[in-house]
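Residue-level listing of the chains:
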Protein chains: 2
Amino acid sequence: MNDDQDPSQRRTSIGAQRNPASQEAILQAATEILAERGPGSFSIEAVAKRAKAGKPTIYRWWPNKAALLLDAYHRQKNPHLHGDTGDLQRDLTRFLMELLAFWRRGGSGAIFRSVIAEAQTDQAACEALAAYLAERRKHLGSQIRAAQAREDVRPGVNPELAAEMLSGFAWIRLLTNRLEISEEEAAEAVKIILDGIRARR
Amino acid sequence: MNDDQDPSQRRTSIGAQRNPASQEAILQAATEILAERGPGSFSIEAVAKRAKAGKPTIYRWWPNKAALLLDAYHRQKNPHLHGDTGDLQRDLTRFLMELLAFWRRGGSGAIFRSVIAEAQTDQAACEALAAYLAERRKHLGSQIRAAQAREDVRPGVNPELAAEMLSGFAWIRLLTNRLEISEEEAAEAVKIILDGIRARR
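The shown structure was predicted, so the numbers you read here are calculated from the model rather than taken from an experiment.

Reading the values: rules and limits
Residues numbered from 1 in each chain as written. Chains lettered and ligands numbered in written order. Predicted model: local features only at pLDDT ≥ 70, side-chain atom pairs only at ≥ 80, totals over all residues. Heavy atoms only, no water. Helix = DSSP H or I, 4+ residues; strand = E, 2+ residues; numbered from the N terminus. Buried < 20%, exposed > 50% of the residue type's maximum accessible area, 1.4 Å probe, protein only. Salt bridge = Lys/Arg side-chain N within 4 Å of Asp/Glu carboxyl O.

## Structural notes on unusual backbone geometry
Residue and element names in this part refer to chain A.
So, step 1. Of note, the phi angle at Glu151 is positive, near 65°, even though the residue is not glycine.
So, step 2. By the secondary structure assignment, Glu151 is in the loop between helix H8 (123-149) and helix H9 (159-175).
So, step 3. Within the chain, Asn177 stands out as a residue other than glycine whose phi angle is a positive 55°.
So, step 4. By the element assignment, Asn177 lies in the loop between H9 and helix H10 (183-195).
So, step 5. Overall, the relative accessible area of 39% leaves Asn177 in the partly exposed class.

Here it is in structure tokens:
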């Protein structure tokens, strides 16, 4: 359940017939521009220029700026964010802590915040964000589904719904600038999803 | 656990010595302007003019535009959003469904989305949003705490953390423009928080 596949393999759902070489050059250029100039100055034009690619080539693979920005942002993530040790409480706690730590580091949180902000007024950005979330939900959900396969999770549970619950908690912390979290609090949040809050009678 | 107290009683945490009459006039003016012109044209100046109040008077009670906007937004909410029938699964499911329905109706979702977007670049707006969320978390948390008092919720659970988990799920649906939710899905989301997803052995 690692997240360290080649991005050209991982994101094939968005562009059907991407040329891996050009895609890699474009993504590399996008990542560099994002790191150097930040999300406010990120543009398809600047990426095209640096990657020596035509703008239509970029638009063939990414429907809009936000989709490309999200792909470049995703490349910065820790490839071992989704470790699967077989202990779901431990794995999800680590996931939550590392995601918030990633957002605290080097502008990544600001990048993701800027995309969410843009998505509130720009319909295309909102669709790109929803598609990105759908992919992350599927990915995190597959980790929960694996636990379901080994009968650690109840059979009736929708793994993607549980995954979205955890993402929602991470997002609300990011959006209110509360990214500091102790291991105890992260573990407590995960425990709510795993064990619930209801008293057993 | 109803939410229908006088707003001047409810929000005393932000302004210490509000004059209820002037506060009411200002909030009323703010609510009208928000409804008529939307969040993009909402300004302290416009509210001051309509309420026949000085801008310093407004700033004495609300630290910034976002705080006043959030107060005005909150007044539009269903006063019975937090019904407490003693059945937590049913109450939280209804809360989640009514919150998403409120956001779908008449611009309320767009207003809250605009505040979240502004909070991603404006520090004062972010503080106002965090303060608003803290209050909502406390309010929803007190409903969960009441269930804890009647031993429906485990004693070790942090009610506000569980409340924030539910809010995070609502926010992530709003921010990706996925406000349609069936009663089944809302109930399933609440059940994750109440019962967890882990298989009992």
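Next comes the rest of the description.
## Here we look at the pattern of salt bridges
So, step 1. In this structure the tally under the stated criterion is 28 salt bridges over all chains.
So, step 2. In this structure, Arg104 of chain A and Glu180 of chain A form a salt bridge, with 3.9 Å as the shortest nitrogen-oxygen distance. Note that Arg104 of chain A is positioned in helix H6 (residues 88-104) and Glu180 of chain A in the loop between H9 and H10, a separation of 76 residues in sequence.
So, step 3. We classify Arg104 of chain A as partly exposed; its relative accessible area is 38%.
So, step 4. Glu180 of chain A gets classed as exposed once you look at its relative accessible area, which sits at 59%.
So, step 5. The partner of Asp195 of chain B in a salt bridge is Arg198 of chain A, and the shortest N-O contact between them spans 2.7 Å. Residue Asp195 of chain B is located in helix H10 (residues 183-195), and its partner Arg198 of chain A is located in the segment after H10; the two belong to separate chains.
So, step 6. A relative accessible area of 10% means that Asp195 of chain B is categorised as buried.
So, step 7. Judged by its relative accessible area of 28%, Arg198 of chain A falls in the partly exposed class.
So, step 8. A single salt-bridge network, built from bridges that share partners, covers Arg137, Glu160 and Glu164 of chain A together with Arg178 of chain B.

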